[in-house]
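Okay, here's what each chain looks like letter by letter:
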Amino acid sequence: MRGVHSAVDDIRRTVFKEVAKLAFEGGDPRLLDQIPLKMIQGEVAKHRHDVFLERAIVEERVRLALGLNIRFAGETIPVSEDLLSAEKSQKHFQNPLVNIIPFACNACPPKQLRITDNCQGCISHPCMNVCPKDAIYMDKDKHCHIDQEKCIKCGKCFNQCPYRAISKIERPCAAACGMDAIKSDELGRAQIDYDKCVSCGMCLVNCPFGAIADKSQ
Ligand code: SF4
Ligand code: SF4
Ligand code: SF4
């Protein structure tokens, strides 16, 4: 996905463009609060369940473009109210640099390996032979399954099946993170462990929902 232009890039660029335009032209800071409405018009959502969520996500992106902290659902401070602190010439952003917008996160399923209908129940069944946890079994219809209680997600079976019958799904943000810094919050959404995070931004560029953004200044 990385390197392929997408709607996520368009949203990111348009937010930067709108914020830069307002900064350049000056004028009423309250115009910042209008950016989400300007970008997400009408009543029909394009990418999410509804336009209100799309606007809320854009609003958080506007905040981050100004170097402000993200808000959490329930907080109602307008962006313009925080503008004065953001426009000081020597303001340094507050950590964290890389932020997951919680309500923008799709709570993608954590890493899991599954055996699909492509399984032929072959006599060699290399998947079973390489599994270090004896987690794969074949049913009476000669179809293999993975016991998720036993599976340690090593991926050895995935690499062995000659029919590509084993699928591996993984959160794109977690898969991209070399520091193993992505965990889950109580709602199953991705959350960054800032004790491990080195702000490399790999999760940001790999999230297909555009739920992760960094602070600008
Ligand atoms: S890839 Fe994006 S949407 Fe999916 S879990 Fe990670 S942060 Fe959330
Ligand atoms: S991922 Fe590893 S532990 Fe899980 S079923 Fe495949 S080989 Fe076994
Ligand atoms: S990918 Fe980089 S920025 Fe994202 S959580 Fe991991 S270390 Fe932090």
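Nothing here was measured: the structure is a model prediction, and the numbers come from that model. (Residues numbered from 1 in each chain as written. Chains lettered and ligands numbered in written order. Predicted model: local features only at pLDDT ≥ 70, side-chain atom pairs only at ≥ 80, totals over all residues. Heavy atoms only, no water.)

Caption draft 1: Representation of the overall build of the protein chain in the model. From N to C terminus, the protein chain includes eight helices and eight strands. Here the protein chain has a C-alpha radius of gyration of 22 Å; the compact-globule value for 217 residues is 17 Å, and the former is much larger. Projecting the C-alpha coordinates of the protein chain onto the three principal axes gives extents of approximately 75 × 40 × 30 Å. Split into buried and exposed, the 217 residues of the protein chain put 36% on the buried side. Partitioning the contacts of the protein chain with sequence separation of at least 6, the portion at a separation of at least 24 is 60%. (Helix = DSSP H or I, 4+ residues; strand = E, 2+ residues; numbered from the N terminus. Rg over C-alpha atoms; globule rule 2.2 N^0.38 Å. Buried < 20%, exposed > 50% of the residue type's maximum accessible area, 1.4 Å probe, protein only. Contact = heavy atoms within 4.5 Å.)

Caption draft 2: Geometry of the pattern of salt bridges. Taken as a whole and assessed by the stated rule, the structure comprises eight salt bridges. Across the pair glutamate 18 and lysine 38 runs a salt bridge, and its minimum N-O distance is 2.9 Å. A residue pair is termed long-range when its members are at least 10 positions apart, and glutamate 18 in helix α1 (residues 7–25) and lysine 38 in helix α2 (residues 35–39) qualify at 20 residues. Take glutamate 18: its relative accessible area is 9%, and that puts it in the buried class. Taking relative accessible area as the criterion, lysine 38 reaches 43% and is therefore assigned partly exposed. Glutamate 60 is paired through a salt bridge with arginine 71; the nearest N and O atoms lie 3.0 Å apart. Placement of the pair is glutamate 60 in helix α3 (residues 51–65) and arginine 71 in the loop between α3 and α4 (79–86), with a sequence separation of eleven residues. When salt bridges that share partners are traced, they join Glu59, Glu60 and Arg71 into one network. (Salt bridge = Lys/Arg side-chain N within 4 Å of Asp/Glu carboxyl O.)

Caption draft 3: Up close: the site of ligand 1. The full set of residues close to ligand 1 is Cys105, Asn106, Cys108, Arg171, Pro172, Cys173, Ala190, Cys207, Pro208, Phe209 and Ile212. A per-class count over the shell around ligand 1 returns nine nonpolar, one polar and one charged. (Near = heavy atom within 4 Å. Nonpolar A, V, L, I, M, F, W, Y, C, P; charged D, E, K, R; others polar.)

Caption draft 4: Structural view of α1. For α1, built from 19 residues, the straight-helix expectation of 27 Å at 1.5 Å per residue is met to within 8% by its first-to-last C-alpha distance of 27 Å. Buried within α1 are the following residues: Val15, Glu18, Val19 and Leu22. Relative to the axis of α1, the buried residues are bounded by an arc of 90 degrees and lie together on one face. Those residues of α1 that are exposed and aimed more than 90 degrees away from the buried face are Arg13, Lys17, Phe24 and Glu25. Of the surrounding secondary structure, the elements contacted by the buried residues of α1 are α2 and α3. Phi for glycine 26, located one or two positions after α1, is positive at around 70 degrees. (Expected span 1.5 Å × (residues − 1). Arc of directions from axis to C-beta.)

Caption draft 5: Region of the structure containing α3. For α3, with 15 residues, the first-to-last C-alpha span of 21 Å sits near the 21 Å given by 1.5 Å per residue. Of all 15 residues that make up α3, twelve are buried, and the element is covered over most of its length. Within α3 the residues assigned to the buried category are Val51, Leu53, Glu54, Arg55, Ile57, Val58, Glu60, Arg61, Val62, Arg63, Leu64 and Ala65. Where α3 starts, the residue carrying a side-chain oxygen 3.0 Å from the main-chain nitrogen of phenylalanine 52 turns out to be aspartate 50. (Polar contact = N/O pair within 3.5 Å; in protein donor to acceptor, adjacent residues only side chain to side chain.)

Caption draft 6: The site of ligand 2, seen in detail. With respect to spatial proximity, 13 residues lie near ligand 2, and among them Cys131, Cys151, Cys154, Gly155 and Cys157 are the closest. Residue composition of the shell around ligand 2, grouped by class: ten nonpolar, one polar and two charged.

Caption draft 7: Seen up close, the confidence of the model for the protein chain. Of the residues in the protein chain, 96% reach a pLDDT of 70 or more, and the chain-wide mean stands at 92. Across the protein chain, the element-wise mean pLDDT spans from 74 in α4 up to 98 in strand β4 (residues 144–146). (pLDDT = per-residue confidence, 0-100.)

Caption draft 8: Representation of the side chain of asparagine 206 within the structure. With respect to the helices and strands, the residue asparagine 206 is situated in helix α8 (residues 202–206). A residue is classified by how much of its surface remains accessible, and asparagine 206, at 19% relative accessible area, is buried. Among the polar contacts made by the side chain of asparagine 206, one reaches the main-chain carbonyl oxygen of methionine 202 at a distance of 2.7 Å.

Caption draft 9: Expanded view of the packing of α1 against α3. Two numbers describe how α1 lies on α3: the axes approach to 10 Å, and their chain directions differ by 55 degrees. Classed by the angle they form, the pair α1 and α3 counts as oblique. In terms of crossing hand, the pair formed by α1 and α3 is right-handed. Together, Ile11, Arg12, Val15, Phe16 and Val19 of α1 and Val58, Arg61, Val62 and Ala65 of α3 make up the contact between the two elements. When grouped by side-chain class, the residues that make up the contact of α1 with α3 number seven nonpolar, no polar and two charged. (Axes fitted to C-alpha atoms, helices over the stretch in contact; angles between N-to-C directions. Parallel < 35°, antiparallel > 145°, perpendicular 65-115°, else oblique. Left-handed = near helix turned anticlockwise from the far one by under 90°.)

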